[in-house]
Amino acid sequence: MQRRGMVVLNSQGRTASLQKEVMQAHAVVLLGAEHFEVPPTWLKSGAVVIHCGPALTTGGNGNEVSLWSGFADLIAALRMQNVVRSSSCWLQRQQYKAWCLRSLKLQPLSPVPSDIEISRAQAPKPVEQLAQEIGLLPEELETYGHSKAKVRLSMLERLSKQPDGKYVLVAGITPTPLGEGKSTVTIGLVQALSAHLKLNSFACLRQPSQGPTFGVKGGAAGGGYAQVIPMEEFNLHLTGDIHAITAANNLVAAAVDARILHEATQSDKALYSRLVPLVNGVRRFSPIQIARLKRLGITKSDPSSLTPQEVTSFVRLDLDPSKVTWQRVVDTNDRFLRKVTVGQASTEKGHTRETQFDIAVASEIMAILALADGLADMRARLGHMVVGSSRSGSPVTTEDLGVSGALAVLMKDAIKPTLMQTLEGTPVFVHAGPFANIAHGNSSVLADKLALKLVGEKGYVVTEAGFGADIGMEKFFNIKCRSSGLRPNAVVLVATVRALKMHGGGPNVSAGAPLPREYIDENLALVAEGCCNLKKQIQIAHLFGLPVVVAVNVFKTDTQAEIELVCRIAKESGAFDAVPCDHWARGGRGSVELARAVEKAASAPSNFHFLYSLETPIVDKIRTIAQKVYGADDIELSPEAQAKIQFYYEQGFGSLPICMAKTHLSLSHMPDKKGVPTGFTLPIRDVRASIGAGFIFPLVGTMSTMPGLPTRPCFYDIDLDPVTEEITGLF
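Attention here is on the structure that accompanies the text. Keep in mind that what you see is a predicted model, and the values were worked out from it rather than measured. (Residues numbered from 1 in each chain as written. Predicted model: local features only at pLDDT ≥ 70, side-chain atom pairs only at ≥ 80, totals over all residues. Heavy atoms only, no water.)

Structural notes on the overall build of the chain
Along the chain, the regular secondary structure elements total 25 helices and 30 strands. Dimensions of the chain along its principal axes, counting C-alpha atoms only, are 100 × 70 × 60 Å. Out of the 731 residues belonging to the chain, those deemed buried represent 54%. Restricting the contact set of the chain to residue pairs at least 6 apart, pairs at least 24 apart contribute 72%. For the chain, the exposed surface amounts to about 32200 Å²; the carbon and sulfur share of it is 53%. Here the chain contributes 74 positive and 68 negative side-chain charges, whose respective centroids are spaced 4 Å apart. (Helix = DSSP H or I, 4+ residues; strand = E, 2+ residues; numbered from the N terminus. Buried < 20%, exposed > 50% of the residue type's maximum accessible area, 1.4 Å probe, protein only. Contact = heavy atoms within 4.5 Å. Areas by Shrake-Rupley, 256 points an atom, 1.4 Å probe, with all protein chains shown as cover. Lys, Arg positive; Asp, Glu negative; His and termini not counted. Charge placed at Lys NZ, Arg CZ, Asp CG, Glu CD.)

Some points on the pattern of salt bridges
Across all of its chains, the model carries 37 salt bridges by this definition. The salt bridge partner of Glu180 is Arg498, with a shortest N-O separation of 3.4 Å. Taken together, the residues span a long stretch of sequence, with Glu180 in the loop between strand 7 (166-172) and helix 6 (182-196) and Arg498 in helix 19 (residues 497-503) at a distance of 318 residues. For Arg712, the salt bridge identified is with Asp717, shortest N-O distance 3.1 Å. Each of Glu142, Arg152, Lys412, Asp413 and Lys416 takes part in one network of salt bridges that share partners. (Salt bridge = Lys/Arg side-chain N within 4 Å of Asp/Glu carboxyl O.)

Concerning the sheet that holds strand 28 (residues 695-700)
Pairing in this open sheet of 3 strands is mixed, and the strands run 26-27-28 from one edge to the other. Each having just a single partner strand, strand 26 (634-637) and strand 28 make up the two edges of the open sheet. Along the sheet, successive strands turn relative to each other by an average axial angle of 50°, direction set aside. With 6 bridges joining them, strand 27 (residues 681-690) and strand 28 adopt antiparallel strand pairing. In the strand pairing of strand 28, Val687 is matched with Pro698. The strands touched by helix 25 (residues 639-650) within the sheet are strand 26, strand 27 and strand 28, with strand 27 carrying the most contacts at an inclination of about 40°. (Pairing = 2+ DSSP bridges. Axes fitted to C-alpha atoms, helices over the stretch in contact; angles between N-to-C directions.)

Some points on the packing of helix 18 (residues 469-484) against helix 20 (residues 524-542)
Running from N to C, helix 18 and helix 20 cross one another at 10°; their axes reach a closest spacing of 10 Å. Compared by their axis directions, helix 18 and helix 20 come out roughly parallel. Facing helix 18, whose interface residues are Ala469, Asp470 and Met473, helix 20 presents Gln537, Ile540 and Ala541. In terms of residue class, the contact of helix 18 with helix 20 is built from 4 nonpolar, 1 polar and 1 charged. (Parallel < 35°, antiparallel > 145°, perpendicular 65-115°, else oblique. Nonpolar A, V, L, I, M, F, W, Y, C, P; charged D, E, K, R; others polar.)

Here's the deal with the side chain of Ser201
With respect to the helices, strands and loops of the structure, Ser201 is situated in strand 8 (residues 201-205). For Ser201, the side chain forms a polar contact with the main-chain oxygen of Val190, separated by 3.2 Å. At 2.6 Å, the side chain of Ser201 forms a polar contact with the side chain of Ser194. When near neighbours in sequence (up to four residues on either side) are disregarded, Ser201 contacts Trp99, Val190, Leu193, Ser194, Pro427, Val455 and Tyr460. (Polar contact = N/O pair within 3.5 Å; in protein donor to acceptor, adjacent residues only side chain to side chain.)

Examining a positive patch on the surface
On the surface, a cluster of positive charge is contributed by Lys105, Lys198, Arg586 and Arg589. Within the secondary structure layout, Lys198 lies in the loop between helix 6 and strand 8. (Patch = residues over 30% accessible without salt bridge, like charges linked within 9 Å, V, L, I, M, F, W, Y side chains within 5 Å.)

What to know about the packing of helix 14 (residues 375-384) against helix 16 (residues 404-411)
Across the interface, helix 14 lies against helix 16 with an axial gap of 9 Å and an inter-helix angle of 135°. Comparing the axis directions of helix 14 and helix 16 gives the class oblique. Helix-helix and strand crossings are classified by hand; for helix 14 and helix 16 the assignment is right-handed. Packed against helix 14, whose contacting residues are Met378, Arg379, Leu382 and Gly383, the element helix 16 presents Ser404, Gly405, Leu407, Ala408 and Met411 at the interface. (Left-handed = near helix turned anticlockwise from the far one by under 90°.)

Looking at the pairing of strand 22 (residues 460-464)
Counting buried positions along strand 22 yields 5 of 5 residues, so the element is predominantly enclosed. Alternating positions in strand 22 separate into two faces, Tyr460, Val462 and Glu464 on one and Val461 and Thr463 on the other, with burial throughout. Where strand 8 lies against strand 22, 4 bridges are found, and the strand directions are parallel. Within the sheet, the bridge partner assigned to Ser201 lies in strand 22 and is Tyr460.

Topic: a nonpolar patch on the surface
Together, Leu178, Leu515 and Ile520 make up an exposed nonpolar region whose accessible area comes to about 180 Å². Within the secondary structure layout, Ile520 lies in the loop between helix 19 and helix 20.

Some remarks on the nonpolar core
In terms of nonpolar packing, the biggest core is built from 146 residues, with Leu419, Leu534 and Val550 touching the most fellow members. Among the elements that line this core, the one with the most residues is helix 9 (residues 241-265), at 9 residues. Look past the residues within four positions of Leu534 in its chain and what remains in contact with it is Ile173, Leu493, Ala495, Leu500, Val550, Val566 and Ala570. (Core = buried A, V, L, I, M, F, W, Y, C linked by side-chain atoms within 4.5 Å.)

Overview of helix 6
For helix 6, built from 15 residues, the straight-helix expectation of 21 Å at 1.5 Å per residue is met to within 8% by its first-to-last C-alpha distance of 20 Å. With 14 of its 15 residues buried, helix 6 lies for the most part within the structure. Once helix 6 ends, the next one or two residues include Lys198, with phi positive near 60°. (Expected span 1.5 Å × (residues − 1).)

Considering the environment of Lys105
Tracing the backbone through its elements, the reader meets Lys105 in the loop between helix 2 (72-94) and helix 3 (115-121). Considering only alpha carbons, one finds Lys105 and Thr355, 250 residues apart in sequence, at a separation of 52 Å.

Re the packing of aromatic side chains
Counted according to the given criterion, the structure contains 13 aromatic pairs. Seen from their ring centres, Tyr272 and Phe285 are 6.4 Å apart, and the 65° between their planes marks the pair as edge-to-face. On the criterion of sequence distance, the pair formed by Tyr272 in helix 10 (residues 268-275) and Phe285 in the loop between strand 12 (282-283) and helix 11 (287-295) is long-range, its members being 13 residues apart. A relative accessible area of 10% places Tyr272 in the buried class. One residue, Arg482, lies across the ring of Phe610, its end atom 4.2 Å from the ring centre. Over the ring of Tyr630 we find Lys662; its NZ or CZ atom is 4.7 Å from the centre of that ring. (Phe/Tyr/Trp six-rings, centres within 6.5 Å; stacked < 30°, edge-to-face > 60°. Lys NZ or Arg CZ within 6 Å of the ring centre and 35° of its normal.)

Side note on the sheet that holds strand 18 (residues 386-390)
Spatially, 3 strands are ordered 13-18-19 in an open sheet, and the strand pairing comes out antiparallel. Pairing within the sheet leaves two strands with one partner each, and these edge strands are strand 13 (319-324) and strand 19 (395-397). Taken pair by pair, the neighbouring strands of this sheet meet at an average axis angle of 50°, ignoring direction. Alignment of strand 18 against strand 19, held across 3 bridges, turns out to be antiparallel. Bridge pairing in strand 19 links Val386 to Thr397.

Observations regarding helix 25
Here helix 25 contains 12 residues, and its C-alpha end-to-end distance of 17 Å stays within 8% of the 16 Å for a straight helix at 1.5 Å per residue. Looking at the buried side of helix 25, the elements it contacts are helix 24 (618-630), strand 26, strand 27 and strand 28. Positive phi shows up at Gly652, right after helix 25, with a value of about 85°.

Quick word on the environment of Pro208
Looking at the element boundaries, Pro208 is found in the loop between strand 8 and helix 7 (210-214). Pro208 sits 30 residues away from Leu238 along the chain, and the two C-alpha atoms are 9.2 Å apart. If we skip the residues at most four places from it in the chain, Pro208 touches Thr213, Ala220, Phe234, Asn235 and Ile242.

Some thoughts on unusual backbone geometry
A cis amide bond links Ser110 to the next residue, Pro111, at an omega of 0°. On the secondary structure map, Pro111 appears in the loop between helix 2 and helix 3. Going from Ile229 to Pro230, the amide bond is cis rather than trans, its omega being -10°. The topology assignment puts Pro230 in the loop between strand 10 (226-229) and helix 8 (231-235). Of note, Leu238 is a non-glycine position whose phi angle comes to about 55°, a positive value. Positionally, Leu238 belongs in the loop between helix 8 and helix 9.

Structural measurements only, silent on function.
Laid out in structure tokens, this is it:
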């Protein structure tokens with residue numbers, strides 16, 4: 001050992017200096033027949049103890065015989081060698097591994113079949129194989145069937161010293177109600193990067209809500225030959241995260257109304273005896289109750305020692321029913337739940353109140369899932385959620401209700417991103433799914449962080465922001481990047497000839513209705529006029545100091561002249577590059593030029609910065625977004641909004657970022673105003689706070705947090721073959 005360069009201290013038995021010598025050692029080897037255990041307090045952090053005592057075997061007469069004699073040094077040496085070798089193997093397994101990705105071959109057909117037919121025609125790799133190809137360890141995987149798996153967060157610690165890859169955001173121009181294909185572009189781009197340019201890349205996508213899937217928009221797995229597969233599993237339930245969010249959210253709602261009822265119908269003594277019940281003749285506070293006592297300034301831990309005044313403070317949250325801000329949620333577009341009355345049964349003793357349902361992905365718990373950076377952070381955020389105010393005006397949190405620990409239990413598996421794959425076998429993380437018009441509209445921080453480590457320093461993580469750049473991208477930068485500490489390298493801005501024609505004055509389009517002739521025939525004048533919206537969205541990205549690559553998502557009705565016109569105007573408007581993409585018809589091969597442009601843009605100099613300081617007053621932060629991003633002349637606050645802002649200042653929430661709840665169909669608050677509206681004042685109807693998620697969200701105009709079903713929802717086309725169990729009608 002000394003010849004190998006180690007410092008070796010040899011101590012015989014219990015010498016006076018033994019403890020001091022042991023405390024200096026990285027490895028302690030115990031020799032000899034005498035049984036001796038090293039006290040844990042003697043060992044420095046990370047030290048290894050190797051026991052080399054005698055091995056015992058049974059002799060012919062039944063007595064135990066020591067095999068130590070004559071072999072002590074050899075046994076010690078072999079055991080130490082074994083420890084070193086096994087430790088070396090373990091350390092080697094923990095290191096970053098180069099990818100050995102086996103892409104899946106595509107054979108695109110013309111005409112392009114339906115999305116579900118394309119998805120079924122491609123057999124995905126077993127998810128264990130995909131995980132091995134991208135350097136995940138078997139113990140970091142929790143499989144859910146053949147083609148999807150949760151990835152444990154321990155991977156972040158294992159690769160903590162691994163440099164991050166390039167970080168690319170996909171945003172879009174103001175869309176039509178049909179959507180312009182950001183998810184499809186995202187998937188086509190990573191297929192091009194990994195399957196064709198042989199560069200490590202990861203797509204990070206949001207989990208789709210059941211509301212749009214069965215409502216008007218359909219699924220969100222991409223489309224054509226740029227999809228996540230299996231698309232049925234992607235669009236339906238996945239690994240149950242949204243169900244976990246719904247359960248957790250509604251547990252809070254139930255706790256709120258139950259607490260109001262019990263406080264209204266019981267004395268302090270009765271409440272106390274039920275909140276701190278006798279168990280085997282003894283009353284004990286639970287840990288969450290002890291934490292509440294500390295917040296009240298009560299340091300006692302014996303339930304019998306509280307004074308009557310302390311008992312009253314402990315048992316009375318005194319929630320004002322008219323100031324409860326927490327809503328129930330359901331993951332279905334149900335317009336008749338926008339206003340409901342609860343507590344009408346006789347058992348609730350007349351304690352009714354008006355409330356509402358939101359769609360599940362609008363829950364603050366969904367926003368927390370998307371912004372948390374680990375279990376501890378998620379647990380803390382869940383406890384900080386404000387459910388309403390007391391009659392004295394103090395905020396009441398889930399921690400005060402005593403429910404935050406249970407919420408963490410319900411969400412413990414949902415916090416792990418789900419691993420899936422594209423049609424060409426490249427990896428995808430699917431995690432979280434907040435809407436961009438009524439929430440911050442981005443996939444999770446954790447999915448991005450895991451992916452950035454896995455792709456390696458020369459790889460690419462491509463993530464998508466919901467709706468137009470004015471909504472999803474702005475929130476990605478000002479909310480998500482502040483929370484995560486991550487800094488993006490480039491923006492891909494998705495545009496379509498169809499949407500640009502709409503912004504140029506084309507007629508309205510709606511899902512399920514035939515496209516008007518203006519969108520089918522070549523019309524360069526409409527395209528040129530509508531490029532004002534594209535130019536504005538490029539300018540918005542430049543506000544944050546990043547290079548922009550415009551991806552023209554090609555439709556079969558587009559002409560070459562229209563595509564070339566869009567690319568030329570985009571470059572003249574300051575885009576780093578502008579390229580047409582044909583991934584829908586050709587897969588990753590149709591986005592190779594986009595991938596090359598992104599590779600160059602992500603390596604170009606950039607100067608990323610936020611749009612506003614967190615210390616800027618709330619009103620000025622709202623005004624900055626309205627004027628610089630939306631193009632408004634000013635904002636107009638309702639009396640209710642003004643009162644809420646003042647209340648949030650008094651509660652110490654003034655330094656939170658802003659998450660605007662606004663229509664996605666226009667840069668303004670008016671959905672029918674296309675192009676680049678000017679001369680308008682942005683009305684702020686109400687201002688709410690998601691304290692656990694960490695943002696203030698103003699409600700612009702008549703924005704609703706519960707979508708409704710159209711006259712002909714998508715569910716008319718969805719069915720199941722009872723023999724094959726195949727799903728039909730998803731798109």
